[in-house]
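Survey of secondary and tertiary structure
Chain by chain, the residues:
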Number of protein chains: 2
Amino acid sequence: MSLFDIFKKKKSKDVAKDRLMMMLAYERANTKIENLEEMKKELIDVVKKYLHVKDVVIKTNSNQDIETLEVEIILDK
Amino acid sequence: MSLFDIFKKKKSKDVAKDRLMMMLAYERANTKIENLEEMKKELIDVVKKYLHVKDVVIKTNSNQDIETLEVEIILDK
């Protein structure tokens with residue numbers, strides 16, 4: 001499964017207004033990310049600094065090859 | 001065009017090893033991001049803090065509805 005097959009699975013019904021999607025994807029075997037949890041938190045903190053964030057939904061997905069992190073940032077208008 | 005149609009266009013040949021993909025996507029009409037340039041820079045700075053980054057390739061794409069920012073982070077092993 002390639003990196004972008006992950007995104008192909010998404011349906012347009014998942015896309016709503018007033019939100020920002022942030023995605024990270026990498027091949028697990030070739031990319032070791034130490035302190036991944038802290039990096040995720042810092043990335044979300046940057047977005048929160050620039051936007052009025054109402055809610056953040058984090059989904060992680062792992063298969064044998066690819067690790068994805070999908071952050072759905074719901075904006076407060 | 002939905003947010004994820006953008007990603008569907010990607011071919012697996014675009015996916016190489018030793019890199020991390022970061023994507024941001026939002027509906028232009030509903031999401032105003034002030035200081036987007038600074039936010040992008042800070043997001044990349046966070047990744048650089050946690051990973052040994054060799055090169056960063058930034059691609060932006062705009063159509064009538066969706067604005068995407070794709071950051072390809074090539075890792076130094």
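As the structure is a prediction and not an experimental result, all values here were calculated from the model.

The next point concerns the confidence of the model for chain A. Residue and element names in this part refer to chain A. Scored by pLDDT, chain A has a mean of 75; 74% of the residues are at 70 or more. Looking over chain A, one finds the lowest element-wise mean pLDDT in helix 1 (residues 5-8), namely 46, and the highest in helix 2 (residues 36-50), namely 91. Scored below 50 in pLDDT, residues 1-15 shows 36 contacts in the model against residues more than four places distant or in partner chains.

Here we come to empty space enclosed by the protein. Residue and element names in this part refer to chain A. As enumerated under the stated definition, the model contains one cavity of 30 Å³ or more in all. There is about 50 Å³ of room inside the largest cavity. Lining the largest cavity are Leu24, Tyr26, Leu36, Lys40, Thr60, Glu67, Thr68 and Leu69. Breaking the lining of the largest cavity down by element, the ones donating at least two residues are strand 1 (19-27), helix 2 and strand 3 (66-75). With three residues, strand 3 is the largest single contributor of residues to the lining of the largest cavity.

Attention now moves to the pattern of salt bridges. A side chain of one charge can pair with a side chain of the opposite charge when the charged atoms of the two come close. Residue and element names in this part refer to chain B. Counting across every chain of the model gives 12 salt bridges over all chains. Notably, a salt bridge pairs Asp45 with Lys41, separated by 3.0 Å at the nearest N-O pair. Of the two residues, Asp45 and Lys41 are both situated in helix 2 (residues 36-50); the distance of four residues between them amounts to about one turn of the helix. A relative accessible area of 53% means that Lys41 is categorised as exposed. Of the charged contacts, one joins Glu72 and Lys59 as a salt bridge, the two residues approaching to 3.9 Å between their closest N and O atoms.

The rules behind these values
Residues numbered from 1 in each chain as written. Chains lettered and ligands numbered in written order. Predicted model: local features only at pLDDT ≥ 70, side-chain atom pairs only at ≥ 80, totals over all residues. Heavy atoms only, no water. pLDDT = per-residue confidence, 0-100. Helix = DSSP H or I, 4+ residues; strand = E, 2+ residues; numbered from the N terminus. Contact = heavy atoms within 4.5 Å. 1 Å grid on protein atoms, 1.4 Å probe; cavity = no way out; pocket = protein on both sides within 12 Å on 5 of 7 lines; lining within 4 Å. Points joined across faces, edges and corners; volume = space filled by probe spheres on them. Salt bridge = Lys/Arg side-chain N within 4 Å of Asp/Glu carboxyl O. Buried < 20%, exposed > 50% of the residue type's maximum accessible area, 1.4 Å probe, protein only.

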